[in-house]
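These are the residues of each chain, in order.
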Amino acid sequence: MKKLVIFQLLIAVLMLVSCSSTGSDFISAYEEATKELETATSNDDCDKIHDKLMHRLYEITQADPDWEEALEDDDVKNAYTEWNEALKNATTDNYWFGMVFCTPECAIDYCQRK
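Model, not experiment: these values are computed from the prediction.

With respect to a negative patch on the surface
Part 1 of the argument: A cluster of acidic residues, Glu31, Asp73, Asp74, Asp75 and Glu82, forms a negative patch at the surface.
Part 2 of the argument: Ranked by residue count, the leading element in the negative patch is helix 3 (residues 74-90), at 3 residues.

Take a look at the structure:
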């Protein structure tokens, strides 16, 4: 009985570590892309940063089949919001409006079509 409880706790800890690692990967991807936008001087630069982020998000989803759980984390949501605001500010003439959302779901579709 004691071994079963320890085993269940171990499984729970592994699941939590997996989620937090993926969440950290998403946060890191958004933060790095947001920082890169600070040096963007054109809509083309923003497109390149956007494309790079989409591929990074795609890679994260492919590495963890349970990646969707990480999206519930408030820090991931905040990192996405900050990215989105930075993109709006970095582009001119509402160019960002025609770009694909940089969400993991959209990244999967975006990368699999190419």
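Having put the structure on the table, let's press on.
Overview of unusual backbone geometry
Part 1 of the argument: Positioned with a positive phi, Asp93 is a non-glycine residue whose angle comes to about 55 degrees.
Part 2 of the argument: Note that Asp93 resides in the loop between helix 3 and helix 4 (104-113).
Part 3 of the argument: Residue classification places Asp93 among the exposed positions, given a relative accessible area of 75%.
Part 4 of the argument: Notably, Asn94 is not glycine yet its phi reads approximately 55 degrees, a positive angle.
Part 5 of the argument: One can find Asn94 in the loop between helix 3 and helix 4.
Part 6 of the argument: Exposure remark for Asn94: the relative accessible area of 56% places this residue in the exposed category.

Quick notes on the nonpolar core
A general feature of soluble globular proteins is that nonpolar side chains tend to end up buried together.
Part 1 of the argument: Counting 28 residues, the largest nonpolar core has Phe26, Tyr30, Leu37, Leu53, Leu57, Trp83 and Cys102 as the members making the most contacts within it.
Part 2 of the argument: Apart from residues lying up to four places away in sequence, Leu37 is in contact with Cys46, Ile49, Trp83, Ala86, Leu87 and Ala90.

Here's the deal with the packing of helix 2 (residues 43-63) against helix 3
Part 1 of the argument: One can describe the packing of helix 2 onto helix 3 by two numbers: an axis separation of 11 Å at closest approach and a directional angle of 160 degrees. When the interaxial angle is binned, helix 2 and helix 3 end up roughly antiparallel. At the point where helix 2 passes helix 3, the crossing takes the left-handed sense. Facing helix 2, whose interface residues are Cys46, Ile49, His50 and Leu53, helix 3 presents Trp83, Leu87 and Ala90.
Part 2 of the argument: Looking at the contact of helix 2 with helix 3 residue by residue, the class counts come to 6 nonpolar, 1 polar and no charged.

Thresholds applied
- Residues numbered from 1 in each chain as written.
- Predicted model: local features only at pLDDT ≥ 70, side-chain atom pairs only at ≥ 80, totals over all residues.
- Heavy atoms only, no water.
- Patch = residues over 30% accessible without salt bridge, like charges linked within 9 Å, V, L, I, M, F, W, Y side chains within 5 Å.
- Areas by Shrake-Rupley, 256 points an atom, 1.4 Å probe, with all protein chains shown as cover.
- Salt bridge = Lys/Arg side-chain N within 4 Å of Asp/Glu carboxyl O.
- Lys, Arg positive; Asp, Glu negative; His and termini not counted.
- Charge placed at Lys NZ, Arg CZ, Asp CG, Glu CD.
- Helix = DSSP H or I, 4+ residues; strand = E, 2+ residues; numbered from the N terminus.
- Buried < 20%, exposed > 50% of the residue type's maximum accessible area, 1.4 Å probe, protein only.
- Core = buried A, V, L, I, M, F, W, Y, C linked by side-chain atoms within 4.5 Å.
- Contact = heavy atoms within 4.5 Å.
- Axes fitted to C-alpha atoms, helices over the stretch in contact; angles between N-to-C directions.
- Parallel < 35°, antiparallel > 145°, perpendicular 65-115°, else oblique.
- Left-handed = near helix turned anticlockwise from the far one by under 90°.
- Nonpolar A, V, L, I, M, F, W, Y, C, P; charged D, E, K, R; others polar.

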